[in-house]
Amino acid sequence: MKRFSPKPLYVLASGGTGGHLFPALSLCRKLKNHGRQVHLITDQRSQNFIHLKEFDKVYIRTMHHNAPLIGRFMLYLSIVWQLFYCYFLYRKLRPTVVIGFGGYPSIPPILAAQLRGIPTVLHEQNALLGKANRILAKRAYRVATSFENVEKAPDHTTLTGNPVRPELLVLKDQPYQAPSLQDHFNILVIGGSQGAKIFSQIIPQALVSLPLNLQKRLKVVQQCRPEFLSQTKVVYRQSFLDVELTPFIEDMATQYRQAHLVIARSGASTIAELALVRRPAILVPYAASIEADQSYNAAPMAKAEAAWVFKESDFTPENLSTLLQNLMTNPDKLTAASLAMQQFSRPNATEKLANTVADVIGDLLT
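Residues numbered from 1 in each chain as written. Predicted model: local features only at pLDDT ≥ 70, side-chain atom pairs only at ≥ 80, totals over all residues. Heavy atoms only, no water.

*Asks:* It is not clear to me how the environment of Ser295 should be interpreted in this structure. Could you clarify?
*Replies:* Relative to the assigned elements, Ser295 resides in helix α10 (residues 293-303). A relative accessible area of 38% means that Ser295 is categorised as partly exposed. Spatially, the C-alpha atom of Ser295 lies 17 Å from that of Ile198, the residues being 97 residues apart in sequence. (Helix = DSSP H or I, 4+ residues; strand = E, 2+ residues; numbered from the N terminus. Buried < 20%, exposed > 50% of the residue type's maximum accessible area, 1.4 Å probe, protein only.)

*Asks:* How should I be thinking about unusual backbone geometry in this particular structure?
*Replies:* Phi is mostly negative for residues that are not glycine, and the peptide bonds are mostly trans. Even without being a glycine, Lys152 presents a positive backbone phi close to 65 degrees. Mapped onto the elements, Lys152 comes out in the loop between β6 (142-145) and β7 (157-159). When its relative accessible area of 53% is taken as the criterion, Lys152 is described as exposed. Positive phi, normally seen in glycine, also occurs at Ala292, with a value near 55 degrees.

*Asks:* What am I meant to see in the state of the cysteines here?
*Replies:* In total, this model carries 0 disulfides according to the counting rule given. Left unpaired, Cys28 is separated from the closest cysteine sulfur, that of Cys86, by 18 Å. The class of Cys28 is buried, set by a relative accessible area of 0%. On the accessibility criterion, Cys86 (1% relative accessible area) is buried. (Disulfide = S-S within 2.5 Å.)

*Asks:* Sorry, what's going on with the packing of helix α1 (residues 18-33) against helix α13 (residues 349-360) here?
*Replies:* Packed helices, taken two at a time, are described by the angle their axes make and the gap between the axes. One way to put it is that α1 packs onto α13 with a least axis distance of 9 Å and a crossing angle of 70 degrees. The orientation of α1 relative to α13 falls into the category roughly perpendicular. Where α1 crosses over α13, the two elements pack in a sense that is right-handed. Here Ser26, Leu27, Lys30 and Leu31 of α1 lie close against α13, whose contacting residues are Thr350, Glu351, Leu353, Ala354 and Val357. Residue composition of the contact of α1 with α13, grouped by class: 5 nonpolar, 2 polar and 2 charged. (Axes fitted to C-alpha atoms, helices over the stretch in contact; angles between N-to-C directions. Parallel < 35°, antiparallel > 145°, perpendicular 65-115°, else oblique. Left-handed = near helix turned anticlockwise from the far one by under 90°. Contact = heavy atoms within 4.5 Å. Nonpolar A, V, L, I, M, F, W, Y, C, P; charged D, E, K, R; others polar.)

*Asks:* Can you walk me through the sheet that holds strand β3 (residues 57-61) in this structure?
*Replies:* Two modes of strand pairing occur in sheets, parallel and antiparallel, and in both the strands are linked by backbone hydrogen bonds. Here 7 strands make up an open sheet; going across it, the order is β3-β2-β1-β4-β5-β6-β7 and the pairing parallel. Two strands close off the open sheet at either side, each with one partner strand: β3 and β7. Going across the sheet, the axis of each strand differs from the next one's by a mean of 20 degrees, ignoring polarity. Summarising the sheet, strand β5 (residues 120-124) and β6 pair through 4 bridges and their orientation is parallel. Directly across from Glu124, in β6, lies its bridge partner Thr145. (Pairing = 2+ DSSP bridges.)

*Asks:* Hey, could you run me through a nonpolar patch on the surface in this one?
*Replies:* Together, Val80, Phe84 and Phe88 line one region of the surface with nonpolar side chains, adding up to about 300 Å² of accessible area. Mapped onto the fold, Phe88 is located in helix α2 (residues 69-93). (Patch = residues over 30% accessible without salt bridge, like charges linked within 9 Å, V, L, I, M, F, W, Y side chains within 5 Å. Areas by Shrake-Rupley, 256 points an atom, 1.4 Å probe, with all protein chains shown as cover. Salt bridge = Lys/Arg side-chain N within 4 Å of Asp/Glu carboxyl O.)

*Asks:* Sorry, what's going on with the nonpolar core here?
*Replies:* Soluble globular proteins: nonpolar side chains tend toward being buried together. Core analysis: the largest hydrophobic core is formed by 57 residues, its most contacted members being Tyr90, Leu188, Ile190, Tyr256, Val262 and Leu283. Apart from residues no more than four positions distant in its own chain, Val262 is found in contact with Leu188, Ile190, Tyr256, Leu274, Arg279, Pro280, Ala281 and Ile282. Ile203, Leu210, Leu241 and Phe315 belong to the second largest nonpolar core, which has 34 residues in total. (Core = buried A, V, L, I, M, F, W, Y, C linked by side-chain atoms within 4.5 Å.)

*Asks:* In this structure, what is going on with the sheet that holds strand β11 (residues 261-264)? I would like to understand it.
*Replies:* Judged by pairing direction, the sheet is parallel, and its 6 strands sit side by side in the order β10-β9-β8-β11-β12-β13 without closing on themselves. Looking at the sheet topology across the chains shown, the edges are occupied by β10 (242-246) and β13 (307-309). For this sheet, the mean angle separating the axes of adjacent strands, direction not counted, is 15 degrees. Taken strand by strand, α10 contacts β12 (281-283) and β13, and its axis lies near 125 degrees from that of β13.

*Asks:* I tried to follow the pairing of β10 on my own but got confused; where do I start?
*Replies:* As paired elements, strand β9 (residues 218-223) and β10 share 5 bridges and run parallel to each other. Across the sheet, residue Val220 finds its bridge partner in β10, namely Val243. Where the polypeptide runs from β9 across helix α7 (residues 226-236) and back to β10, its parallel neighbour, the crossover connection is right-handed. (Right-handed = clockwise from strand over helix to strand, strands pointing away.)

*Asks:* Looking at this structure, how should I read the pairing of strand β1 (residues 9-13)?
*Replies:* Two faces belong to every sheet, and in a regular strand the side chains alternate between them. Of all 5 residues in β1, 5 are buried; the element is thus mostly enclosed. Burial along β1 is two-sided: the residues Leu9, Val11 and Ala13 and Tyr10 and Leu12 are all buried. Bridge count for β1 against strand β2 (residues 37-43) is 5 bridges, and the pairing is parallel. Within β2, the residue paired with Ala13 across the bridge is Ile41. Taking the sense of rotation as the criterion, the β-α-β connection linking β1, α1 and β2 turns out right-handed.

*Asks:* Honestly, the layout of surface pockets in this entry has me stumped. Any pointers?
*Replies:* If you roll a probe as big as a water molecule over the atoms, it shows you where there is empty space left. The volume enclosed by the second largest pocket comes to roughly 310 Å³. Phe147, Glu148, Asn149, Pro300 and Phe344 are, among the 13 residues lining the second largest pocket, the residues nearest its centre. Of the residues belonging to the lining of the second largest pocket, the class tally is 7 nonpolar, 2 polar and 4 charged. (1 Å grid on protein atoms, 1.4 Å probe; cavity = no way out; pocket = protein on both sides within 12 Å on 5 of 7 lines; lining within 4 Å. Points joined across faces, edges and corners; volume = space filled by probe spheres on them.)

*Asks:* Looking at this structure, how should I read empty space enclosed by the protein?
*Replies:* Summed over all chains, the structure comprises 2 cavities of 30 Å³ or more. Put simply, the largest cavity is a space of about 150 Å³. Taken together, 14 residues form the lining of the largest cavity, with Ser146, Ile271, Ala272, Phe344 and Arg346 sitting closest to its centre. In terms of residue class, the lining of the largest cavity is made up of 9 nonpolar, 3 polar and 2 charged. Taken as a whole, the second largest cavity holds about 40 Å³ of empty space. Lining the second largest cavity, in full, are Ile41, Thr42, Asp43, Arg61, Met63, Gln82, Cys86, Pro105, Pro108 and Pro109. Listing elements by their share of the lining of the second largest cavity, those giving two or more residues are β2, α2 and α3 (107-116). Sort the elements by how many residues they give to the lining of the second largest cavity and β2 lands first, with 3 residues. Looking at the lining of the second largest cavity residue by residue, the classes come out as 6 nonpolar, 2 polar and 2 charged.

Next up, the structure:
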């Protein structure tokens, strides 16, 4: 394909949640480091995303996607309206390529580009091709995936991995050291909005039921939404545990570095981070996630014995306590899980994604 101008315009289209926006941001940074123009089209949920200013220009469009029936009608109406908006916006912008990161808000920008004959590339974060990307994949030049085998993916895919936060890349070569039977045992609990409630209910009960000798070894850092802090503290006061509860973790690199075991959901970004830092994990896929995509993400980790996976219905204090006792008294199992986790690490995901996109338009990132 022929070369374009020395400074092509890349338009990124993304849903307004962090799982879609962070890979888009990583690609933006890489492209701008090479002197490229990068615009973003997203929805109103992105307004609290502090990194929007890093894009050359941002178009925030209102998308209605509330359920049930009236919400679905408003969603379709929004998609049609935004399709017309993007179609005529591109007549002015003349983008060189448009890249979609999933979510319904990415449909109009990508579809408008395809109707105008502008090359499109899709990035799929999960192990199951999302609904939006399934709609758009057939006419896309390339689909970049984060997992080696993605359900419902087309043939024209390229494995790039899922870009992670740059501050975590310093951990990619640091070895994992499982604690001995006398060492402190550090557990990191991360769940965000989707994990906070069930984790606040189950994990404290499991930990306070551990034998006292194991409780005294534990150091726990647990992400916990503000509305659950009080009730979670009450349970932990019944124990000898050293616990830090926090609504937000500022320095994730330090927490990952210190953790011997992570308890988390299995969202795409979490999986990519765990693989990069090679931390053994207990994963609890979010049961209400669309099409059970988190279960698809966790499945290869469980198969490779890199993580222990619970269904929400099986994630009980008794089952968790039993597993923790097993792991805390068998450090070799943690070491083996860390080694197995390494096969999923994609530290060059941002670079591979950037090169995949640039190759579609014949742009050499030099």
